[in-house]
2 protein chains.
Amino acid sequence: MALRQILLGMLRKPGTGYDLKRQFNQSLRHFWAADLAQIYPALQKLEQEGLLAVSVEPPAQGPPRKVYRRKKTGDQAVREWLLQGPEFRRDRISYLAQVFFLNELNSAVDARAFLVKLRDNIATQLAELKKVEQHWQNDDPRYPDDLPDEGFYPQLTLQLGLTRLAASLEWCDESIARLDRRN
Amino acid sequence: MALRQILLGMLRKPGTGYDLKRQFNQSLRHFWAADLAQIYPALQKLEQEGLLAVSVEPPAQGPPRKVYRRKKTGDQAVREWLLQGPEFRRDRISYLAQVFFLNELNSAVDARAFLVKLRDNIATQLAELKKVEQHWQNDDPRYPDDLPDEGFYPQLTLQLGLTRLAASLEWCDESIARLDRRN
DNA sequence: CTCTTCATGTAATGGGTTACATGATTCA
DNA sequence: TGAATCATGTAACCCATTACATGAAGAG
């Protein structure tokens, strides 16, 4: 149920649903993704509840832009969310479920192939996140240690993303090595 | 949509919905959780589809036990799931979304308090997972390197859980230190 | 001439959570 | 006497995904 708050958080500066989607892709994607089909109704609801204001503006191209602005009640909602402390939702990691049952294949060769594919996938994800980091670095030469506060906290999240992927990658390599040692 | 396959995987040995819930709590919880309200209908559906067989057995206590057994079609379904390669579902990490927006608090003190709470939470989770590892160790003296295949793959998943939590914990400490250095 | 980008949505379906409902036995 | 364990479920709701629908401008 955090999408509401995330949208409010992103609307520190006014924007349209489409703008927010772009922000998801650029900055939040590695820990949260959302589709336009989710974003549009959510924004409408937040407006109905009085946390956002809308104004229709003429677009450069396409249909009229519905620009959402956060109201004071919206500011407050974000602050409350943060003051409640960290939220944990149960994570579900499909590929770990698969690893758990790899023995069902009755074949160390097939199990190994699975782990190698997993390794490659994670390596790709890590490479992509590093590209994102490159972009951030190019956008602001103060990256990572002299960023203003607005950039500092997002940078922390990127950092954890990189750390976790690197740890997962190492785990893959070690797992493959352990499997090889068993045979 | 992996719950189906996980239930099938767990039913290598026959059992009831309640038994499976226990297995979730003991072995899979750190990467997948499921409620009885999800498990019971899912088992019924798998039976209707012909992947499982049911037989009603007299219980030690309570209502009759519905014991599910995997059929050959069920075995096949598990194997197909694994042979398709690793599945990635987009993860959503609420607390990272919160970290991303911590600047909204306009207070390094409050932001720091958030990170400390996060640190404590993760430390608790790590301690709990280590307890789980202790149990596994006690259950089988061959842990971790001389386990039979059935135990080896589950142990890998536990290992990743521990690795990731340890990495997250380090990240928390470093983030708090970096925040302190800024002020 | 086709693909991408801008920009809005709705509808159907699927998956997950919470609440509700029942009832016997065992343990503190 | 009250809580936990065993054992089954249903119903309402919420959240997320996929598919469908429209349409103009600009890039290649």
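What you see is a predicted model; the values in this text were computed from it and never measured.

A. Looking closely at the protein's contact with DNA strand D. Within the structure, DNA strand D sits among 22 residues, and A:Met1, A:Gln38, B:Tyr40, B:Lys66 and B:Arg92 are positioned closest to it. For DNA strand D, the fraction of protein-proximal atoms (within 4 Å) that sit in sugar or phosphate groups is 73%. The separation between a phosphate oxygen of DNA strand D and a polar main-chain atom of B:Tyr18 is 3.0 Å. Going through the elements one at a time, α3 (36-48) of chain A together with α2 (17-28), α3 (36-48) and β2 (65-70) of chain B are the ones with two or more residues in the surface near DNA strand D. Of the residues contributing to the surface near DNA strand D, the split by class is 9 nonpolar, 7 polar and 6 charged.

B. Here's a closer look at the pattern of salt bridges. What the rule picks out here adds up to 32 salt bridges over all chains. Residue A:Arg69 is joined to A:Glu57 by a salt bridge in which the shortest nitrogen-to-oxygen separation is 3.5 Å. Of this pair, A:Arg69 sits in strand β2 (residues 65-70) while A:Glu57 is found in strand β1 (residues 52-57), placing the two residues 12 residues apart along the sequence. Among the residues examined, A:Arg69 registers a relative accessible area of 35% and is labelled partly exposed. Residue classification places A:Glu57 among the partly exposed residues on the basis of a relative accessible area of 29%. Across the salt bridge formed by B:Asp173 and B:Arg119, the nearest N and O atoms sit 2.9 Å from each other. Within this pair, whereas B:Asp173 is found in helix α7 (residues 149-182), its partner B:Arg119 is found in helix α6 (residues 108-139), the two being separated by 54 residues in sequence. Owing to a relative accessible area of 34%, B:Asp173 belongs among the partly exposed residues under this scheme. For B:Arg119, a relative accessible area of 25% puts it in the partly exposed group. Sharing partners across several salt bridges, the network here consists of A:Arg12, A:Arg70, A:Asp75, A:Glu150 and B:Glu104.

C. Examining the relation of the copies chain A and chain B more closely. By a simple turn and slide, chain A fits onto chain B: the slide is 0.0 Å along the axis, the RMSD is 0.1 Å, and the turn is 180°. With respect to symmetry, the two chain copies, as superposed, fit the operation of a two-fold axis. Taking C-alpha positions as reference, the residue of chain A nearest the rotation axis is A:Arg164, located at 3.1 Å. Most of the interface of chain A is mirrored in chain B: 100% of its interface residues are interface residues there too.

Criteria and cut-off values
Residues numbered from 1 in each chain as written. Chains lettered and ligands numbered in written order. Predicted model: local features only at pLDDT ≥ 70, side-chain atom pairs only at ≥ 80, totals over all residues. Heavy atoms only, no water. Near = heavy atom within 4 Å. Polar contact = N/O pair within 3.5 Å; in protein donor to acceptor, adjacent residues only side chain to side chain. Helix = DSSP H or I, 4+ residues; strand = E, 2+ residues; numbered from the N terminus. Nonpolar A, V, L, I, M, F, W, Y, C, P; charged D, E, K, R; others polar. Salt bridge = Lys/Arg side-chain N within 4 Å of Asp/Glu carboxyl O. Buried < 20%, exposed > 50% of the residue type's maximum accessible area, 1.4 Å probe, protein only. Least-squares fit on C-alpha atoms with pLDDT ≥ 70 in both. Contact = heavy atoms within 4.5 Å.

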